[in-house]
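Structural overview
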Amino acid sequence: MRSNRFHLFVQALTLVQISICGWGWVFEQAHGQQPASDSPHPFEISGIRFEELGAQDRDVGKDSPWFGIASKEAWREQEGKLRKRFDTLLGEMPQVGAPPGMRVVREENIEGVIRRRVVFEVEPGVSMDAYLLIPHSKQGEESSKRPGMIALHPTTANNIDEIAGVGYEGARATGLEFAKLGYVVVCPKCFLWQDAENFQKAVEGHRDRHPNARGIAKMVFDARRAVDALLAIPQVDPNRLVAVGHSLGAKEVLYLMAADSRIVAGVASEGGVDLGSTNWEALWYLGPVPRLDPEWGHDELVALIAPRALLVMGGEQGPGAADGTQSLKNLRRSYPAWRSQGVPQEGSLKGAANQPSGLKKSGLWLWNHRSGHVFGPAQFETASQWLHEVLQ
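Residues numbered from 1 in each chain as written. Predicted model: local features only at pLDDT ≥ 70, side-chain atom pairs only at ≥ 80, totals over all residues. Heavy atoms only, no water.

**What to know about the layout of surface pockets**
Within this model, the largest pocket holds a volume of roughly 310 Å³. If you go around the largest pocket, you meet 15 residues; those closest to its centre are Asp 87, Leu 90, Gly 91, Met 93 and Arg 224. Put simply, the parts of the chain that give the lining of the largest pocket at least two residues each are helix H3 (72-90) and helix H7 (215-231). When its residues are assigned to classes, the lining of the largest pocket shows nine nonpolar, two polar and four charged. (1 Å grid on protein atoms, 1.4 Å probe; cavity = no way out; pocket = protein on both sides within 12 Å on 5 of 7 lines; lining within 4 Å. Points joined across faces, edges and corners; volume = space filled by probe spheres on them. Helix = DSSP H or I, 4+ residues; strand = E, 2+ residues; numbered from the N terminus. Nonpolar A, V, L, I, M, F, W, Y, C, P; charged D, E, K, R; others polar.)

**Overview of the pairing of strand S5 (residues 126-135)**
Most of S5 is tucked away, with nine of its 10 residues classed as buried. For strand S4 (residues 113-123) and S5, the ladder comprises 10 bridges, and the chain directions are antiparallel. From the neighbouring strand, Arg 117 faces S5, where its bridge partner is Tyr 131. Once S4 ends, the chain turns through two residues before running back antiparallel as S5, passing Gly 125 with a positive phi of about 80°. Here S5 runs beside strand S7 (residues 184-188); their pairing, made up of four bridges, is antiparallel. Bridge assignment links Tyr 131 to a residue of S7, and that residue is Cys 187. (Buried < 20%, exposed > 50% of the residue type's maximum accessible area, 1.4 Å probe, protein only. Pairing = 2+ DSSP bridges.)

**Re the sheet that holds strand S6 (residues 146-152)**
Strands sit in the order S3-S4-S5-S7-S6-S8-S9-S10-S11 across an open sheet of nine strands; the sheet is mixed. Since the sheet does not close on itself, it has two edges, and those belong to strand S3 (101-110) and strand S11 (363-368), each with one partner. Here the average twist between neighbouring strands, direction ignored, is 20°. Note that strand S10 (residues 309-314) and S11 share six bridges and pair parallel. From the neighbouring strand, Val 312 faces S11, where its bridge partner is Leu 366. Helix-sheet contacts for H7 involve S4, S5, S6, S7, strand S8 (236-246) and strand S9 (263-269), and the interaxial angle to S4 is about 125°. (Axes fitted to C-alpha atoms, helices over the stretch in contact; angles between N-to-C directions. Contact = heavy atoms within 4.5 Å.)

**Points about empty space enclosed by the protein**
Scanning the entire structure with this criterion turns up three cavities of 30 Å³ or more. Estimated volume of the second largest cavity: approximately 50 Å³. Together, Met 128, Leu 152, Pro 188, Lys 189, Cys 190, Phe 191, Met 219, Asp 222, Ala 223 and Glu 252 line the second largest cavity. With three residues, the single largest contributor to the lining of the second largest cavity is H7. Among the residues making up the lining of the second largest cavity, the classes are represented as seven nonpolar, no polar and three charged.

**Examining unusual backbone geometry**
A cis geometry characterises the amide bond from Ala 306 onward to Pro 307, with omega recorded as 5°. Inspection of the secondary structure puts Pro 307 in the loop between helix H9 (298-303) and S10. The backbone of Asp 195 shows a phi angle near 55°, a positive value even though the residue is not glycine. Residue classification places Asp 195 among the exposed positions, given a relative accessible area of 70%. One non-glycine residue, Ser 247, lies in positive phi territory at about 60°. The class of Ser 247 is buried, set by a relative accessible area of 13%.

Written as structure tokens, this is what we have:
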């Protein structure tokens, strides 16, 4: 599947970037320093060396309130407290789990993929536009299970059309490109573009129905309903569900993974792990009312993702850049959540003692590519190969 021209171009581009820019461009350790060329690494992808955050440093997270938690049992007690704070922060939304009502608007075949434009009824009287991308099965593979993916679009007027490859190709058509690689993909439309003339009107409509729920709670709820729809597709392996997103989509990946343990791996590109790195205070995300608990931070959010697999991609600097060294404080503080659940420390990624069955490697990674607020060919290739490494 990787023989098409786009993926050949990406692989060549990645190697060129490495030869020009060196390790400081492609990788940021938890210590914020370039790794020595002879330092141990768990695995290598297209010349990019990844290291589990904290794998070589027993003091990572020393300033975390959970640093001393050493057992799964002790972590579960702490996790329960964090979960209660997180649920209170989001506000109450309806339950998920049952497949949403679905209407197929149109269907087409493109490059070995069935692309369906659909409308989900996420709650009574409330619709969400989306695309379903289902790879054709080869003869004899009809009953084979495939990994499922929710691909969450960035802030763009073309939202789901772009990410589903309607008039777009390459890395911008993230969902379609992953479907070509064998994933069954759902691309839901963020509510900010769903039947509203602007973002404020969209938030007002949401708050009219759910006055105590934040904007990010609506995004999480809609994403979870898209996952419900994904699980209703017979080809999808329920143990191998992943989430990928850039910018706005990365914000949704982080909160979706914290809220929904069905997602076993996620790639969050430039969403902004640090609360001060981007516009988290916007009306459609976290603010401004009700006021946030001043002690609450994204270290708690990321900790709720443990012991699954999370890759944060950062561009470090430039217009809109939201992740990179500025993400390290929260990532370091959250790392004890992985350590307490058995993620190996000494560079061995055999997996956490209680990691989900769909994973062969679990942990927390940061790739600081230092090329700004972008999700281009190199970022797509790194994401796809990282997922290949961590999934069963």
